[in-house]
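Coordinate analysis (summary)
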Amino acid sequence: MDKQKSLYYFENAPIPKAVAHFGVPMMVTMLVSIVYNLVDTAFVGMMKDPAALTATILAMPVFLITNGIGQIFGLGCGSYISRLLGKKDYERIKRVSSFALYGAVVTGTAAIALGFVFLDPIVRILGTSEYTFEPTKQYFSILLGGGLTSILGFSMNMIIRAEGGAKVSMTGNIIGTAANIILDPVFIFTFGMGVRGAAIATVIANAMALSFYIWHIVKKSSFLSLVPADCKVDAEMLTSVFSIGFPSFCMKALYVAGFVVQNNVAAAFGDIYIVAFGLIVKVTALPKQLCQGLCMGVQPLVGYTGAAGAFPRMKETVKKTLLYATLLGFVFAISYCIAGGSLLRLFINNAEIIAIGTPFLRIAVISYLAYGTMYMTTTLFQATGRAVPASAVSLVQETVFIPMMLAGTAVMGADGFAWAIPAGDVTAMLIGLILHKVYRNKLYAGEKAEVAQR
């Protein structure tokens, strides 16, 4: 691919067109990822086995942890690569991209091995009962065994986006999801493997997406490299990568902690609440992931323009993306309030679960109004390499959610869970606004100088 053509959307495209180029494919990627995670739930739900369905919900932490490890290298290296593109340091990009692969391999292998050592305690901590322990262990262990395909897939996806390959990353996700949709019924029903089949289908689908990403980098990429000899690290690279990537992993770890607390809190009300709470989290993931996808999508553009000193272009990108994401959240909030329980019926036709989940859903949509600001400020800080404010916005979301859930359920019963969701998101939004004001002059440091020169 011609390097100058690759840089068109970074440097010359009109802002709305550039935002669409980077943001829309990432939104589609997020949408596809949601479908990816819901496919197992939907097909396993057809088995009409509540224990098997609960297993797919309880095992969600394995998706989150592999995602988090992938983001250490994908998000960390991707943010750095975008800034290096802005500085035209193409040789260093090869070193960073190679490190993204081999660093993820080593870290992922160690994490998976540790997971198997403590497999039984982990499955129990997830909130399983005697009824759900075995199917959850089966599903979880297979996903864990194939976790490296997921970790590497996340990492490669993000560094491809960092060089401007938004459509390529989207294509890889579509390949994986399509494969999962085709393979799930084959392994679950045709081969009679039940919940184990759902996990096997997911691992194979992840491997197919990963293969596509590797093929693209080796054969098509203008800037990236996976050559082992290019994997040369130094202190500056490690600091740049881990200062952005590791806080993202910590956020995922906190999310897992919140998920575990949530399941154990739900278990106190009965197993049916585990399903109801889990479905609320999955159903509300759509607007959350789309808003996040739009903001994350423009991260390479923000990082590039900041590093290149194109501050007016950077600022306009942030403004436009924030507006689009906020409007998107508002539309979803209205739509979900109107739809109510109809959304839950898409996954399970159980009157009791729908009756429990519907009011929870209408409370949770308050968060949608905060998503645009919350995710755009996080993206802005990550793109410009400012780890402390990026971490603060991300981590506060979960650190507020857990105590609010515990306090809320203690005072309000099960309703307290629903109110804890917007409490964490709105708090993170406010923190983001405050930090943006604090860092504003540093973020757009060259803007006044450029205006003065005109």
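Everything discussed here concerns the structure shown above.
Read on for an overview of the structure. (Residues numbered from 1 in each chain as written. Predicted model: local features only at pLDDT ≥ 70, side-chain atom pairs only at ≥ 80, totals over all residues. Heavy atoms only, no water.)

**Observations regarding the overall build of the protein**
Broken down by element type, the protein carries 22 helices and zero strands. In summary, the protein has a C-alpha radius of gyration of 21 Å against a globular reference of 22 Å for 454 residues, a match within 12%. Seen through its C-alpha atoms, the protein measures out along the principal axes to roughly 70 × 45 × 35 Å. Here the protein holds 454 residues, and 60% of them are scored as buried. Partitioning the intrachain contacts of the protein with sequence separation of at least 6 by distance along the chain shows that 81% fall at a separation of at least 24. (Helix = DSSP H or I, 4+ residues; strand = E, 2+ residues; numbered from the N terminus. Rg over C-alpha atoms; globule rule 2.2 N^0.38 Å. Buried < 20%, exposed > 50% of the residue type's maximum accessible area, 1.4 Å probe, protein only. Contact = heavy atoms within 4.5 Å.)

**Examining the nonpolar core**
Counting residues in hydrophobic clusters, the biggest one holds 131 residues, and the most contacted among them are Tyr-139, Phe-140, Met-156, Ile-159, Val-302 and Tyr-336. Counting residues per element, this core draws most heavily on helix H5 (residues 60–86), at 12 residues. Aside from chain neighbours lying at most four places away, what touches Phe-140 is Ala-59, Val-62, Leu-119, Ile-122, Val-123 and Leu-126. The next biggest cluster of nonpolar side chains, apart from the first, holds seven residues, and it includes Met-30, Leu-75, Met-158 and Ala-387. (Core = buried A, V, L, I, M, F, W, Y, C linked by side-chain atoms within 4.5 Å.)

**What about helix H4 (residues 50–58)?**
Note that an α-helix has 3.6 residues per turn; residues three or four places apart therefore point the same way. Of all nine residues in H4, eight are buried, a share of seventy percent or more. For H4, the N-terminal capping position is held by Asp-49, with its side-chain oxygen 3.1 Å away from the main-chain nitrogen of Ala-51. (Polar contact = N/O pair within 3.5 Å; in protein donor to acceptor, adjacent residues only side chain to side chain.)

**Observations concerning the packing of helix H16 (residues 311–339) against helix H19 (residues 368–383)**
Following both chains from N to C, one finds H16 and H19 inclined at 155°, their axes separated by 7 Å at the closest point. The angle between H16 and H19 places the two elements in the roughly antiparallel class. In the crossing of H16 with H19, the sense of the turn from one axis to the other is right-handed. From H16, Met-314, Val-318, Thr-321, Leu-322, Ala-325, Thr-326, Gly-329, Phe-330, Phe-332, Ala-333 and Tyr-336 reach across to H19, where they touch Tyr-368, Leu-369, Gly-372, Thr-373, Met-376 and Leu-380. (Axes fitted to C-alpha atoms, helices over the stretch in contact; angles between N-to-C directions. Parallel < 35°, antiparallel > 145°, perpendicular 65-115°, else oblique. Left-handed = near helix turned anticlockwise from the far one by under 90°.)

**Let's talk about the environment of Met-404**
Counting through the fold element by element, Met-404 comes out in helix H20 (residues 387–412). Exposure remark for Met-404: the relative accessible area of 38% places this residue in the partly exposed category. Expressed as a C-alpha distance, the spacing of Met-404 and Met-26, which sit 378 residues apart in the sequence, is 31 Å. Discounting residues that sit within four places of it in the chain, Met-404 has contacts with Gly-416, Ala-420 and Ala-423.

**Remarks on the packing of H5 against helix H9 (residues 147–162)**
Viewed as axis vectors pointing N to C, H5 and H9 meet at an angle of 20°, and their least axial separation amounts to 8 Å. Between H5 and H9, the interaxial angle falls into the category roughly parallel. Of the two possible hands of crossing, H5 and H9 adopt the one that is right-handed. Taken together, the residues of the contact of H5 with H9 break down into 11 nonpolar, 10 polar and no charged. (Nonpolar A, V, L, I, M, F, W, Y, C, P; charged D, E, K, R; others polar.)

**Focus: unusual backbone geometry**
Positive phi, normally seen in glycine, also occurs at Lys-88, with a value near 65°. For Lys-88, the position within the fold is in the loop between H5 and helix H6 (90–117). Lys-88 gets classed as partly exposed once you look at its relative accessible area, which sits at 40%.

**Overview of the packing of aromatic side chains**
Here a ring pair, both rings aromatic, is described through the centre-centre distance and the interplanar angle of the planes. Enumeration according to the criterion identifies 22 aromatic pairs in this entry. In textbook terms, an aromatic cluster arises when at least three aromatic residues are bridged by ring pairs, as seen for Phe-269, Tyr-273, Phe-277, Phe-360, Phe-401 and Phe-417. Of note, Lys-315 hangs over the ring of Tyr-444, and the distance from its end group to the ring centre comes to 5.8 Å. (Phe/Tyr/Trp six-rings, centres within 6.5 Å; stacked < 30°, edge-to-face > 60°. Lys NZ or Arg CZ within 6 Å of the ring centre and 35° of its normal.)

**Digging into the side chain of Ser-97**
Topologically, Ser-97 is positioned in helix H6. Accessibility expressed as a relative area gives 0% for Ser-97, which makes it buried. Not counting chain neighbours up to four residues away, the residues in contact with Ser-97 comprise Ile-81, Ile-159, Leu-224, Ser-225 and Leu-226.

**Concerning the pattern of salt bridges**
Taken as a whole and assessed by the stated rule, the structure comprises six salt bridges. Taking the shortest distance from any N to any O, the salt bridge between Glu-236 and Arg-92 comes out at 4.0 Å. Taken together, the residues span a long stretch of sequence, with Glu-236 in helix H12 (residues 235–269) and Arg-92 in helix H6 at a distance of 144 residues. Lys-320 serves as the salt-bridge partner of Glu-316, at 2.5 Å between the closest nitrogen and oxygen. Of this pair, Glu-316 and Lys-320 both sit in helix H16, four residues apart, roughly one helical turn. Note on Glu-316: relative accessible area 30%, which makes it partly exposed. A single salt-bridge network, built from bridges that share partners, covers Arg-92, Arg-95, Asp-234 and Glu-236. (Salt bridge = Lys/Arg side-chain N within 4 Å of Asp/Glu carboxyl O.)

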